Amino acid sequence: MREQVCLSACSGYDWEQLQATVAKQFQLLGLDALVRPGMKAVIKPNLVIRSGTDAGIATHPLVTAAVALRLRELGANVLVAESPGGPYTPAALKLIYSGCGYEEMSRQFDIPLNLDCSYREVQAPHGKRCRAFPVITPILDADIVIDIAKMKSHCMTMLSGAVKNLFGVVPGLMKPEFHCRFPEKPPFNEMLVDLCQLVKPTFCFVDGILAMEGNGPTGGKPRFMGALLAGRSPYAVDMVCASLMNMEPMNVLMLQEAAERGLCPTSLEEIQVLGEKVSSLRAEDFLQPESKTSNFIEKLPKFLQPMATRLATPYPKIRTKQCVGCGKCAESCPQHTITVAGSPKKAKIDYSRCIRCYCCHEMCPAHVIDIKRLSLFNL
């Protein structure tokens, strides 16, 4: 049987429309049958940093609420759990929940938010690149995990969707350690597939109503796409996301890796898309991240490719005048290449050790770290 993905058009975050759309997606995909009364259902949204609902960065709280209430109607006990960038503490979580509109959502719909910041090391015996992961406790104790991602471009992985969202089950500041262990894009994406196979979300949603294009996942531009996706396979859902964002799915390394392992098809034609046609919601002019790799390097002699790759790889650049000296970039840097000093305090990058993971760009609350490329390679 072909993988199924439900693609629905939404004109915005109207509550009644969201409830009706989510209920229809549950019905079309047969998701009701996966939920039994008394189950612990943990929802994992994307709340990478504090951001308003108009920024296109975080999963909209009403999308999460619509899924949570449907689960509750089916008898499940629902909990929302996330481990954003930065310290994984109750105080930090409260700030994220508040800043992303989840605290208000929790009060309005009586949906509990996780504040348990414990985690456990879990073996991943079938992992190709990584055989063990620290995972936050609510995910491990769940009967079912529901992955509710945000549709965004991503400077490191090209696409942030259902698969990439699961990197958030790794506790807070342990995430940079994985960037340090796997600084190159292919092994990092292999690790993401290993983690996705370990977590195995029961089903997935992607909030693509207001998406992000350009230098995502936090520094890009909000882009109205009007799409809400659902499916059992995070890989199939992400393939549809990629196509909507005018990306070739097999150019997204994590999807290419999943296809090589037989976890998803190699073309969109092999996926049964229910609801809207992909062509009706695709954005042909969707802005790609500036870190998108040029393909001219593979045409060079092999002895020149390492140097050309280094020179062609975009790098983070701080707009020093606008830097507020908060230190979030230094906190998130896996290689500890960033120092914050001076009066007033400003951040500075030591490029000799920078691995181009763009964690600093992702975690900068002031959005003053740009992705730059040497002008020679702006092809």
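Above: the structure in question.
(A) Structural detail: the state of the cysteines. Summed over all chains, the structure comprises 0 disulfides. In this structure Cys155 is a free cysteine whose sulfur lies 9.9 Å from that of Cys360, the closest cysteine sulfur available. Look at Cys155 and you get buried, because its relative accessible area is 2%. Here Cys364 is not cross-linked by a disulfide; its sulfur's nearest cysteine counterpart is in Cys326, at 6.1 Å.

(B) How the structure looks around helix α3 (residues 90-99). For α3, the set of buried residues is Leu93, Ile96 and Tyr97. In a view along the axis of α3, the buried residues occupy a sector of 95 degrees, so they form one face of it. Turned more than 90 degrees off the buried face of α3, the exposed positions are Ala91 and Leu95. On its buried face, α3 sits against β3 (77-80) and α4 (102-109). Immediately downstream of α3, the backbone of Gly101 shows phi near 85 degrees, a positive value.

(C) Geometry of the environment of Met212. Mapped onto the elements of the fold, Met212 is located in strand β8 (residues 203-213). The sequence separation of Met212 and Gln322 amounts to 110 residues, and the corresponding C-alpha distance is 23 Å.

(D) Representation of empty space enclosed by the protein. Scanning the entire structure with this criterion turns up 4 cavities of 30 Å³ or more. If you add up the space inside the largest cavity, you get close to 280 Å³. Lining the largest cavity are 25 residues, and of these Val48, Lys164, Phe167, Lys175 and Glu362 lie nearest its centre. Elements with a contribution of two residues or more to the lining of the largest cavity: β6 (144-154), α6 (162-165), α7 (175-181) and α14 (359-363). In terms of residue class, the lining of the largest cavity is built from 8 nonpolar, 11 polar and 6 charged.

(E) Representation of the side chain of Asn215 within the structure. Within the secondary structure layout, Asn215 lies in the loop between β8 and β9 (221-231). Ignoring any residue separated from it by four or fewer positions in sequence, one finds Asn215 in contact with Ser153, Cys155, Gly220, Pro289, Glu290, His361 and Ile371.

Cut-off values and rules
Residue positions are given per chain, counting from 1 as you read along its sequence in written order. Selection of residues for local features in this predicted model requires a pLDDT of at least 70, selection of side-chain atom pairs for listing and counting requires 80 or more, and totals for whole chains, interfaces and linings are taken over all residues. No hydrogens and no water enter the side-chain calculation; it runs on all heavy atoms of the structure. We call a pair of cysteine sulfur atoms a disulfide when they lie within 2.5 Å. With a 1.4 Å probe rolled over the protein chains alone, any residue whose accessible area is under 20% of its type maximum counts as buried; one over 50% counts as exposed, and the rest are partly exposed. A run of H or I in DSSP becomes a helix once it reaches four residues, and a run of E becomes a strand once it reaches two; helices and strands are each numbered from the N terminus. As used here, the arc belongs to the directions running from the helix axis to the C-beta atoms. Any two residues whose heavy atoms approach within 4.5 Å are treated as being in contact. Each cavity reported here is a set of points on a 1 Å grid over the protein atoms alone in which a 1.4 Å probe fits but cannot get out, each pocket an open set with protein on both sides within 12 Å along at least five of seven lines, and each lining residue one with an atom within 4 Å of a point. Grid points are joined across faces, edges and corners, and a volume is the space filled by probe spheres set on the points. Residues are grouped as follows: Ala, Val, Leu, Ile, Met, Phe, Trp, Tyr, Cys and Pro are nonpolar; Asp, Glu, Lys and Arg are charged; every other residue, Gly included, is polar.

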